[in-house]
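Secondary and tertiary structure notes
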Amino acid sequence: MEPVVFDNATVRSHSIHASCHNTLNAVSNRDYPNSDFFRPDIECLDLDAYEKEHCGGQADCTVDAVLGICSCHNKRKSAYRLLLVELRMNYQSERNLSKTDMERKVLHTRDILGEELAIERESIFIFNNRIAERVRNWFSRQAQSGGELRFCRPYAVSDFPTVVNCYEDMPYVPDTDVEQVLKELKQKPWKGFITGMQYWIRQAGEYSYRNPFEEQCIQKMLKEAYLWVKDTKESWNDDELLDMEILKEDAPYLG
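Described below are features of the structure shown in this document.

The rules behind the values
- Residues numbered from 1 in each chain as written.
- Predicted model: local features only at pLDDT ≥ 70, side-chain atom pairs only at ≥ 80, totals over all residues.
- Heavy atoms only, no water.
- Helix = DSSP H or I, 4+ residues; strand = E, 2+ residues; numbered from the N terminus.
- Rg over C-alpha atoms; globule rule 2.2 N^0.38 Å.
- Buried < 20%, exposed > 50% of the residue type's maximum accessible area, 1.4 Å probe, protein only.
- Contact = heavy atoms within 4.5 Å.
- Areas by Shrake-Rupley, 256 points an atom, 1.4 Å probe, with all protein chains shown as cover.
- Lys, Arg positive; Asp, Glu negative; His and termini not counted.
- Charge placed at Lys NZ, Arg CZ, Asp CG, Glu CD.
- Phe/Tyr/Trp six-rings, centres within 6.5 Å; stacked < 30°, edge-to-face > 60°.
- Lys NZ or Arg CZ within 6 Å of the ring centre and 35° of its normal.
- Axes fitted to C-alpha atoms, helices over the stretch in contact; angles between N-to-C directions.
- Parallel < 35°, antiparallel > 145°, perpendicular 65-115°, else oblique.
- Left-handed = near helix turned anticlockwise from the far one by under 90°.
- Nonpolar A, V, L, I, M, F, W, Y, C, P; charged D, E, K, R; others polar.

What follows is about the overall build of the chain. When you go through the chain residue by residue, the secondary structure sums to eleven helices and eight strands. Over its C-alpha atoms the chain spans a radius of gyration of 26 Å, topping by over 25% the 18 Å that the globule rule assigns to 255 residues. Within the chain, the fraction of its 255 residues that count as buried is 48%. When contacts within the chain are restricted to residue pairs at least 6 apart in sequence, long-range pairs at least 24 apart make up 67% of them. Element-wise, carbon and sulfur atoms account for 48% of the exposed surface of the chain, whose accessible area totals about 13,300 Å². Averaged over its 32 positive side-chain charges, the chain has a centre that lies 5 Å from the centre of its 43 negative ones.

Attention shifts here to unusual backbone geometry. Even without a glycine there, the phi angle at Asn 34 is positive, about 60°. Note on placement: Asn 34 falls in the loop between α3 (24-31) and β3 (43-46). The phi angle at Lys 75 is positive, at roughly 70°, despite the residue not being glycine. Relative to the elements of secondary structure, Lys 75 occurs in the loop between β4 (65-73) and β5 (76-88). When its relative accessible area of 11% is taken as the criterion, Lys 75 is described as buried.

This part takes up the packing of aromatic side chains. If you walk through the whole model with that rule in mind, you get twelve aromatic pairs. Considering the side-chain rings of Phe 38 and Phe 160, the 4.9 Å spacing of their centres and the 80° angle between planes classify their relative orientation as edge-to-face. Highlighted residues: Phe 38 in the loop between α3 and β3 and Phe 160 in helix α7 (residues 160-163), separated in sequence by 122 residues. In terms of burial, Phe 38 and Phe 160 fall into one category: buried. Judged by centre distance (6.2 Å) and plane angle (80°), the rings of Phe 127 and Phe 139 are edge-to-face. One end of the pair, Phe 127, is in strand β6 (residues 123-127); the other, Phe 139, is in helix α6 (residues 132-143), and twelve residues separate them in sequence. Accessibility assignment for this pair places Phe 127 and Phe 139 in one class, buried. The cationic tip of Lys 233 hangs over the ring face of Trp 236; the distance from NZ or CZ to the ring centre is 5.5 Å.

A few words on the packing of helix α10 (residues 212-232) against helix α11 (residues 238-250). Running from amino to carboxyl end, α10 crosses α11 at an angle of 155°, the nearest separation of the two axes being 12 Å. The pairing of α10 with α11 is recorded here as roughly antiparallel in orientation. Crossing hand, α10 versus α11: left-handed. Within the contact between the two elements, α10 uses Tyr 226, Val 229 and Lys 230 and α11 uses Met 244, Leu 247 and Lys 248. Of the residues belonging to the contact of α10 with α11, the class tally is four nonpolar, no polar and two charged.

Below you can see the structure in the form of structure tokens.
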């Protein structure tokens, strides 16, 4: 499965959220007390709670949790959907796994969720690190006979943060080649430097609403250029000092 980020707004929008909302870490800690395997801010649908309330008290016919996720490319979110998650960190051997049981849980969960929100085609099963590799081999063998298990992916619990990421941790690569712009600014004579700074201050401002990440990258570059010339210029005349003051008035973030 491609790297995604969790998106709590998506899971909150499902119609059963009011009756079974929880966090993934709380669901995990119920079976694995004080383990804190997951971030505390990942919200989910608690399917055990839903089953107990709506399925006659049974709590073994669905996966453990359903998360909201979305794709995230260069800080741009898209393809909002749900992700089915089954926790199996207490399993000590792949010999205790049942293809039929796993497929039943996934399919029944999909039936409960219905079609009101998109659902990620692949479901994930989380195991302890010690047996994760053997489990991957088991899944590969079992998937050869077909069925829903072909779309189930096993992961070690330590792999989870690389599979379901946090939006704030995802990198942003600016459209502007800020390193090249900085290099060119440093090579310009004084008036060219000031004109270039003024141009990029305006460019940063234009990104303010439509792409604040681009704005921040340009601002960081401008501040570096401003501090560089301030530290390296050996002598100043009154006009040059005034130019620097005007730049700082136009862009207080320069320092």
